[in-house]
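Notes for the structure review
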Amino acid sequence: MNWDDTTDTDATGERLVGSVADREDQAVEAALRPKDLGEFIGQEKVREQLDLVLRAARARGATADHVLLSGAPGLGKTTLSMIIAAEMEAPIRITSGPAIQHAGDLAAILSSLQEGEVLFLDEIHRMSRPAEEMLYMAMEDFRVDVIVGKGPGATAIPLELPPFTLVGATTRAGLLPPPLRDRFGFTAHMEFYEPAELERVVHRSASLLDVEIDPAGAAEIAGRSRGTPRIANRLLRRVRDYAQVKADGVITKDIAAAALAVYEVDARGLDRLDRAVLEALLKLFGGGPVGLSTLSVAVGEERETVEEVAEPFLVREGLLARTPRGRVATPAAWAHLGLMPPRSQGPGNGQGDLFGA
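1. Observations regarding the overall build of the protein chain
Of regular secondary structure, the protein chain possesses 14 helices and 9 strands. Across the 357 residues of the protein chain, 48% fall into the buried class. Approximately 16400 Å² of the protein chain is accessible, and the part contributed by carbon and sulfur atoms is 52%.

2. Regarding the pattern of salt bridges
Using the criterion set out here, one finds 16 salt bridges in the structure. One salt bridge connects Arg58 with Glu87, and the closest N-O pair in it is separated by 3.5 Å. Of this pair, Arg58 sits in helix α2 (residues 44–60) while Glu87 sits in helix α3 (residues 77–87), and the two are 29 residues apart along the sequence. By relative accessible area, which is 19% here, Glu87 ends up buried. Between Arg327 and Glu311 there is a salt bridge, and its shortest N-O distance comes to 2.8 Å. Placement of the pair is Arg327 in strand β9 (residues 326–329) and Glu311 in helix α13 (residues 303–316), with a sequence separation of 16 residues. The exposure class assigned to Arg327 is buried, which follows from its relative accessible area of 11%. Of the residues examined, Glu311 reaches a relative accessible area of 0% and is grouped as buried.

3. Remarks on the pairing of β9
Pairing between strand β8 (residues 320–323) and β9: 4 bridges, direction antiparallel. Directly across from Thr323, in β9, lies its bridge partner Gly326. In textbook terms, the turn of a hairpin is the stretch between consecutive antiparallel strands, and for β8 and β9 this stretch comprises 2 residues.

4. Describing helix α12 (residues 292–299)
An α-helical turn contains 3.6 residues, so any two residues separated by three or four positions project in the same direction. Within the sequence span of α12, burial applies to Leu292, Leu295, Ser296 and Val299. Here the buried residues of α12 occupy an arc of 100° about the axis, which is enough to place them on one side. In this structure, the buried side of α12 is in contact with α11 (272–284), α13 and β9. One or two steps after α12, the chain reaches Gly300, where phi turns positive at roughly 80°.

5. Comments concerning the confidence of the model for the protein chain
Chain-level pLDDT for the protein chain is 83 on average; 85% of the residues reach the 70-or-more range. Counting contacts from residues 1–13, a segment whose pLDDT is below 50, to residues more than four positions away or on other chains yields 50 contacts.

6. Overview of the nonpolar core
Counting residues in hydrophobic clusters, the biggest one holds 48 residues, and the most contacted among them are Leu50, Leu80, Ile213, Ile221 and Ile251. Counting residues per element, this core draws most heavily on helix α9 (residues 229–246), which supplies 7 residues. If you look at the next biggest cluster of nonpolar residues, it comprises 24 residues, including Ile109, Leu110, Ala138 and Met139.

7. Brief notes about the sheet that holds strand β7 (residues 186–189)
Taken in spatial order, the 5 strands of this open sheet run β2-β3-β6-β1-β7, and their pairing is parallel. Of all the strands in the sheet, just β2 (92–96) and β7 have a single pairing partner and so form its edges. Between one strand and the next, the sheet's axes are offset by a mean angle of 15°, whatever the strand orientation. Judged from the 4 bridges that link them, strand β1 (residues 67–70) and strand β6 (residues 165–170) form a sheet pairing that is parallel. Considered in β6, the bridge of Leu68 is made with Gly168.

8. What about the packing of α9 against helix α10 (residues 253–262)?
Relative to each other, α9 and α10 sit at 105°, their axes nearing to 9 Å. With respect to each other, α9 and α10 are oriented roughly perpendicular. Contacts between α9 and α10 pair Leu235, Val239, Tyr242 and Ala243 from the former with Ile255, Ala256, Ala258, Ala259, Leu260 and Val262 from the latter. For the contact of α9 with α10, the residue count by class is 10 nonpolar, no polar and no charged.

9. What about unusual backbone geometry?
With a phi close to 50°, Gln43 is a non-glycine residue in the positive phi region. Within the fold, Gln43 resides in the loop between α1 (23–32) and α2. We note that Phe142 has phi near 50°; this positive angle belongs to a residue other than glycine. Tracing the backbone through its elements, the reader meets Phe142 in the loop between α5 (129–141) and β4 (143–148).

10. Re the environment of Ile213
The residue Ile213 is located in the loop between α7 (195–208) and α8 (215–223) in this model. Apart from residues lying up to four places away in sequence, Ile213 is in contact with Val202, His203, Ala206, Ala218, Ile221, Leu236 and Ile251.

11. Comments concerning the packing of α7 against α9
At their nearest, the axes of α7 and α9 sit 10 Å apart, and the two run at 45° to each other. The angle between α7 and α9 falls in the class oblique. The crossing of α7 and α9 is right-handed. Packed against α7, whose contacting residues are Leu198, Val201, Val202, Ser205 and Ala206, the element α9 presents Pro229, Ala232, Asn233 and Leu236 at the interface.

Rules used throughout
- Residues numbered from 1 in each chain as written.
- Predicted model: local features only at pLDDT ≥ 70, side-chain atom pairs only at ≥ 80, totals over all residues.
- Heavy atoms only, no water.
- Helix = DSSP H or I, 4+ residues; strand = E, 2+ residues; numbered from the N terminus.
- Buried < 20%, exposed > 50% of the residue type's maximum accessible area, 1.4 Å probe, protein only.
- Areas by Shrake-Rupley, 256 points an atom, 1.4 Å probe, with all protein chains shown as cover.
- Salt bridge = Lys/Arg side-chain N within 4 Å of Asp/Glu carboxyl O.
- Pairing = 2+ DSSP bridges.
- Arc of directions from axis to C-beta.
- Contact = heavy atoms within 4.5 Å.
- pLDDT = per-residue confidence, 0-100.
- Core = buried A, V, L, I, M, F, W, Y, C linked by side-chain atoms within 4.5 Å.
- Axes fitted to C-alpha atoms, helices over the stretch in contact; angles between N-to-C directions.
- Parallel < 35°, antiparallel > 145°, perpendicular 65-115°, else oblique.
- Nonpolar A, V, L, I, M, F, W, Y, C, P; charged D, E, K, R; others polar.
- Left-handed = near helix turned anticlockwise from the far one by under 90°.

Here you go:
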């Protein structure tokens, strides 16, 4: 599961509502991480299906099928990989796609696996193509061919591997080639969490962190967590700090709201960057349409930052639409910022562009 200042970033400069884990997140997640499927909160369908896969494998006395987990960062892919290893009573090896740049890197990892071991490969879509092609045979036949020598004299030496379970995780499943996707016996997509599920996450984490929190306080944090347990846990820690310094240590609704106001996380989970994008779109460009480059200049951020960091959540929340003519604000965006759309355009400003007009 998944810094005291007055900005929406932590001490490392990362966004407080960002989904990528920093070192502190990783350390805390290790302490808060559930140990089995019974403790894991949310993802009901995935848990039910995965439970069947693992129980059947244990009953057969075999290794579990290879598992592919896709979804946004912070939803529990790493946690589920560790639960798979725990349920199968097997050790786990953790690595990532960017760390495997050559086929030899992968061969070294595979050849050192124990029988039944779980290999967790995060961001599997970023693995190099030669290593990817080696993985095909390893997953299907538990064998790799190690090339010795160069040129015409090169020889392929087959290396038998013990049965193992590969757990691949990706935030961009569409980038995985079909031959790789087809070799996974079980594929699951991780969905964003509902507020009620995040409230349970917050209560559980508060208990483990020995923090006193009431139901209204947990609901306030959950509602601003963007459907992501990692963000919920991060906000909980910041609210805990505020409660210890400014109050009696107990997290109530008012304390949570006051703390998150300090960190500029509003009631809908938008932070400074999100609101800056919306304010520029509404106040400077009348709700759009406006090009991404122009919007980025107005916000004072790089084009990639606006497109990849701010926009996905704004689109998911129905506050912004990407159209062929540019970015367009929705009526919900005007309402959220408490602004009135231009009279000439009305509340449906730009809506004709939503469908490619």
